[in-house]
Each structure stands twice: as structure tokens, then as C-alpha cells.
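# Chains, contacts and geometry: an overview
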Amino acid sequence: MRTRALSLHQQGWSWTKIATELGCHRTTVMRLVHKWQQTGCIGDLPHRRRPRPQQQTPCGQPLPAHNRLVPSPHPLKSRWQEENRRTPASTPRSTTITVRRRLKELRSQLGIQTPPSPKRQINVPPPGPSAPEEKGKPARTLEEIRSFTAEELSHMVFSDMKIFLCDREGGVRVWRLGQPPLHSYGGLREFFQGGGLSATFWVCVSGSGQKGQMLHIPNELTEERYVQILHNGLLPSAAAIYGLNAHRFLFAQDPSSIQASPAVQDFLRQQQVQCAEWPADLNPCDLLWPEVEASVGSGNGTPSTVPELVAAVRAAYDSVDPTYIQWLVAPVRIRSLCRRMLRARAKHAP
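Computed from a predicted structure; not experimentally measured. (Residues numbered from 1 in each chain as written. Predicted model: local features only at pLDDT ≥ 70, side-chain atom pairs only at ≥ 80, totals over all residues. Heavy atoms only, no water.)

### A closer look at the environment of Leu215
- Take Leu215: it is sitting in strand 4 (residues 211-217).
- It is 6.9 Å that separates the C-alpha atoms of Leu215 and Gly233, two residues lying 18 residues apart in sequence.
- Setting aside anything within four residues of it in sequence, one finds Leu215 in contact with Thr200, Phe201, Trp202, Ile229, Asn232, Gly233 and Arg314. (Helix = DSSP H or I, 4+ residues; strand = E, 2+ residues; numbered from the N terminus. Contact = heavy atoms within 4.5 Å.)

Here you go:
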């Protein structure tokens, strides 16, 4: 076939026509022609293989085959192969357990020590007092939060987000989980068709009892937009509250919210912000929103546009009594809540 393909190529046939005539692939014909053009041969060329190492005499000459050193097989391997040759083919196939048992018997007969089975090493910490916990390490349990000192709690910064709703009849209120109209898409559509308004706000307070900035979130919350909120709200608030010690504050994070997203974590790491995981049930901002809601409801008139709603909520936030915020973040109150939650968990534990 190779000679036929080469003769057809010399006659001027195309590669596709030659492949169709001989019943092979077009690439096969191309490789054959290129091989003939480069080497002038269409037969198989000798393969380039690595030569096998040969045992040599001290003079450098190769040893004869009958004088070469042949490694002796392992006695256990030789005995096992000998028994397998004696075993008839009709014998049922051995399982892993029977093979291990037979190998153990052969080792004992030949005087070969059984190798020890590998065991997992367990690193047991040495007895003694535990190392002190690093500052800024996430607090994952209520016991760790109870151990926070008053100074550490005063350097905490808490944040939260809420949606304020405004309708024509009920005034302004904070939307809570499970309450209409945002519990379903149908209720949400009817709410906005009836002239309802909504606005989302982000706020932060410090553990020392001072108010931070309140920002309005005009669009849907995403990771990039939340990073902008932290850049425009958290960092300036910490600088205004703590001054030169702004790098020492701990940012309380909810691990189940958008605060735990990779983009937010990268931003906080770049800004060298120390974070501490904080349960959502202990967030002091949860009790700040009802106070803002009451202040907005006591105002004159109902907002008719989103800018009016934003202005009303910000004015209500500015009018919140600072002593109320100091009570929310008081260490005594936080520790008392921790004790109550621990008792409730112990009571309902199986």
C-alpha cells in the first residue's frame, strides 16, 4: 500500500483522492509522503531505545550471561509461588483474609518477623495551662463572649441593615421577617401598586455607646456594594469614634450573612480590620431599629417619596438618645443575655 500511495502521489493525485482510493485516512498518506521526502525511505525506521545497563568486569568488558549476578528472590515470595503452582485450578479463589492468614503462617515457618501495622499518630497537647487567646480571634461561643472584658467590648463595632416600609395608611415601620407585605411576591407587588415605599439602611454603633454613620442603600445589595458601604461607613465611623486607635477596633460579623463573602473578607484583610464572629441574637442594633421606628412614627405627616422617607429615617436616627445606645452595648447587659441564652440551650438540650 505504501508503494502504491507513493506512485499515485508522483502521478499528481491529491492526498484526499489517494486516501479514498486506498481506503485509509488522509493524514496517513501525508505522513508517508513527508517521510519519503525527508528520509528517502517508506519502510519502518529503527527505534531509538535506551541501551540496557550491562554488568562489566574490572577491565571494562561485559560479563558473560552465565556469570552475571542474578538477585536471589525473597524466600517468602519463592515459597508463596511454589504453593500456588501446587494448588489445583479448581480451588476456590482466596479472599483477602485467607491470603493474610496464609502469609502470616509462612512468615512464622520461615522465621520472618511480621512487619508492624501502621498506626495513626495522635498529637496530644502537653498538660499545662492553655495558651492565651490572641486578640481579634473570632468568638464562636457564648462562653467566649462572656469572657470579653469591658475594654474589649468597648472596642467592638456592631452593624446591621433593615428595610423601612411606608404606606398611605399605616405610616412608617420596619419590616421584620415573616411580616407582610414582603413575605411573598404577591404581597410585595400589591404593596407597591398601592403607593408603598421602601428604603434599606445600614447603620453601625460602637461598643463605647457612640453612634456611627447611617447609609442608605439605593439598589440591590451585592458584595461589591457592601464593600463600598464598609469603605464609606465603617472606616470613617471608626476613625471618628476611636481617633488614633481606630486600628484597634473589632468588627462584629455575622457568619451567615453577606459579611462572610470572599470579597468582603478580602477588603477587611486589606484594610487590616480585625473581625470577630458575633451571634445575630446578640446584635445591639436589633433594639435600635424599633427606637428609630417610633421616632419616625411620631413625626408630622407621612413621606410621599423615597427621598422624604430617607430624610425622615435619618432624622429619627439622629434624635435617638445616646444613653439608650450606651445601655444597648453595656457589658453587663451583654453578659446577662449570654447567661440567659446558655440557660435556654441547656434547658432544651436532650
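### Here we look at the nonpolar core
- Membership of the largest hydrophobic core comes to 39 residues, with the highest contact counts inside it found for Met156, Trp278, Leu288 and Val292.
- The contact partners of Val292, leaving out residues within four places of it in the chain, are Phe164, Val313, Ala316, Tyr317 and Val320.
- Counting residues in each nonpolar core, the second largest holds 20 residues, with Trp202, Val227, Leu234 and Tyr242 among its members. (Core = buried A, V, L, I, M, F, W, Y, C linked by side-chain atoms within 4.5 Å. Buried < 20%, exposed > 50% of the residue type's maximum accessible area, 1.4 Å probe, protein only.)

### A word on the packing of aromatic side chains
- Tallying each qualifying case throughout the model produces 5 aromatic pairs.
- Ring plane angle 90° and centroid distance 5.5 Å describe the contact between Phe164 and Phe201, whose orientation is recorded as edge-to-face. Linking Phe164 in strand 1 (residues 156-167) with Phe201 in strand 3 (residues 197-206), this pair joins segments that are 37 residues apart in sequence.
- Phe201 sits in the buried class, given a relative accessible area of 0%.
- An aromatic cluster is defined as three or more aromatic residues linked by ring pairs; in this entry it consists of Phe164, Phe201 and Trp289.
- Over the ring of Trp327 we find Arg333; its NZ or CZ atom is 5.0 Å from the centre of that ring. (Phe/Tyr/Trp six-rings, centres within 6.5 Å; stacked < 30°, edge-to-face > 60°. Lys NZ or Arg CZ within 6 Å of the ring centre and 35° of its normal.)

These results come straight from atomic positions and should not be treated as a statement about function.
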